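Geometric and topological summary
The residues making up each chain are set out below.
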Amino acid sequence: MRDSLTGLFNRRYMEEALEREMLRCDRKQQPLSVIMLDVDYFKRINDTLGHDAGDAVLRELGRCLQSYVRGSDIACRYGGEEFLLILPEASLGVTQLRAEQIRAAVKQLHVESSGQPVGAITLSLGVASFPKHGLEGEAILKAADTALYRAKQEGRDRAIVA
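In short, a report on the structure. (Residues numbered from 1 in each chain as written. Predicted model: local features only at pLDDT ≥ 70, side-chain atom pairs only at ≥ 80, totals over all residues. Heavy atoms only, no water.)

Topologically, arginine 98 is positioned in helix 4 (residues 92–107). Look at arginine 98 and you get buried, because its relative accessible area is 16%. Looking at arginine 98, its side chain comes within polar contact range of the side chain of aspartate 73, at 3.5 Å. (Helix = DSSP H or I, 4+ residues; strand = E, 2+ residues; numbered from the N terminus. Buried < 20%, exposed > 50% of the residue type's maximum accessible area, 1.4 Å probe, protein only. Polar contact = N/O pair within 3.5 Å; in protein donor to acceptor, adjacent residues only side chain to side chain.)

And the structure:
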């Protein structure tokens with residue numbers, strides 16, 4: 001259920017939770033939003049500072065994400081340096097604001113590895129919402145992923161709504 005490095009939920013749990021929460025929100029006629037995020041230039045961190053530095057970034061990011069989610073939200077490591085936040089009953093506007101708060105907070109992180117600072121960390125984020133961007137989990141994830149890709153294309157260090 002949990003990713004050992006970050007302490008966040010793993011992808012398998014995320015897939016089950018997303019479907020369950022979407023059904024619940026549909027039944028209650030409430031929105032559900034997601035934030036897909038990715039560490040900008042993560043490969044460069046691993047290549048220049050080593051995998052221990054990359055792991056330190058992922059650990060700190062996991063802690064940071066936990067501090068920006070409500071008890072009912074679900075923070076997951078989607079894979080590699082990609083993460084997904086599931087925000088049941090959160091509107092698109094609220095979720096966009098949360099994405100910006102997370103983006104700003106991560107820029108303030110001071111991560112060290114072997115006593116050396118890793119340097120500035122930035123995120124690209126994609127935001128999507130049920131039912132606006134799709135009626136199934138796969139469609140919501142695709143919309144968030146497409147928005148994340150646009151954030152990367154438009155210069156990184158930004159949150160884009162699908």
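Still to come is the rest of the account.
As a further point, take the packing of aromatic side chains. Summed over all chains, the structure comprises one aromatic pair. Judged by centre distance (4.1 Å) and plane angle (15°), the rings of phenylalanine 9 and tyrosine 13 are stacked. In this structure, arginine 11 packs its charged tip against the face of tyrosine 78, placed 4.1 Å from the ring centre. Of note, arginine 44 hangs over the ring of tyrosine 41, and the distance from its end group to the ring centre comes to 4.3 Å. (Phe/Tyr/Trp six-rings, centres within 6.5 Å; stacked < 30°, edge-to-face > 60°. Lys NZ or Arg CZ within 6 Å of the ring centre and 35° of its normal.)

What follows is about the environment of alanine 75. Topologically, alanine 75 is positioned in strand 2 (residues 74–79). Classification of alanine 75 by relative accessible area gives buried; the value is 4%. A sequence separation of 73 residues divides alanine 75 from leucine 148, and the C-alpha atoms of the two residues are 17 Å apart. Sequence-distant contacts of alanine 75, that is, excluding residues within four places in its chain, are made with Leu8, Phe9, Gln66, Val69, Leu84 and Leu85. (Contact = heavy atoms within 4.5 Å.)

Here the focus is the sheet that holds strand 3 (residues 82–88). Pairing between the strands of a sheet is mediated by backbone hydrogen bonds and can be parallel or antiparallel. One open sheet holds the five strands; their spatial order is 2-3-1-6-7, and the pairing between them is mixed. A single partner strand is all that each edge strand has here, and the edge strands are strand 2 and strand 7 (158–161). Neighbour-to-neighbour, the strand axes of the sheet open up by a mean angle of 20°, direction not taken into account. Of the strand pairs in this sheet, strand 1 (residues 32–39) and strand 6 (residues 123–130) are connected by eight bridges, and their pairing is antiparallel. (Pairing = 2+ DSSP bridges. Axes fitted to C-alpha atoms, helices over the stretch in contact; angles between N-to-C directions.)

Let us now look at the pattern of salt bridges. Inspection of every chain in the model, using the stated rule, returns 16 salt bridges. Residue aspartate 157 pairs with arginine 103 through a salt bridge whose shortest N-O separation is 2.9 Å. Within this pair, whereas aspartate 157 is found in the loop between helix 5 (137–153) and strand 7, its partner arginine 103 is found in helix 4, the two being separated by 54 residues in sequence. A residue is classified by how much of its surface remains accessible, and arginine 103, at 17% relative accessible area, is buried. Taken together, the salt bridges that share partners define one network made up of Arg20, Glu21, Arg24, Lys28 and Glu89. (Salt bridge = Lys/Arg side-chain N within 4 Å of Asp/Glu carboxyl O.)

This next bit is on the packing of helix 1 (residues 11–28) against helix 5. Remark: helix 1 packs on helix 5, axes separated minimally by 10 Å, with the N-to-C direction vectors making an angle of 110°. Overall, the two elements helix 1 and helix 5 adopt an arrangement that is roughly perpendicular. Every residue of helix 5 that contacts helix 1 at Met14, Leu18, Glu19 and Met22 is listed here: Gly137, Glu138, Ile140 and Leu141. Classifying every residue of the contact of helix 1 with helix 5 by side-chain character gives five nonpolar, one polar and two charged. (Parallel < 35°, antiparallel > 145°, perpendicular 65-115°, else oblique. Nonpolar A, V, L, I, M, F, W, Y, C, P; charged D, E, K, R; others polar.)

Keep in mind these numbers describe shape, not what the thing actually does.
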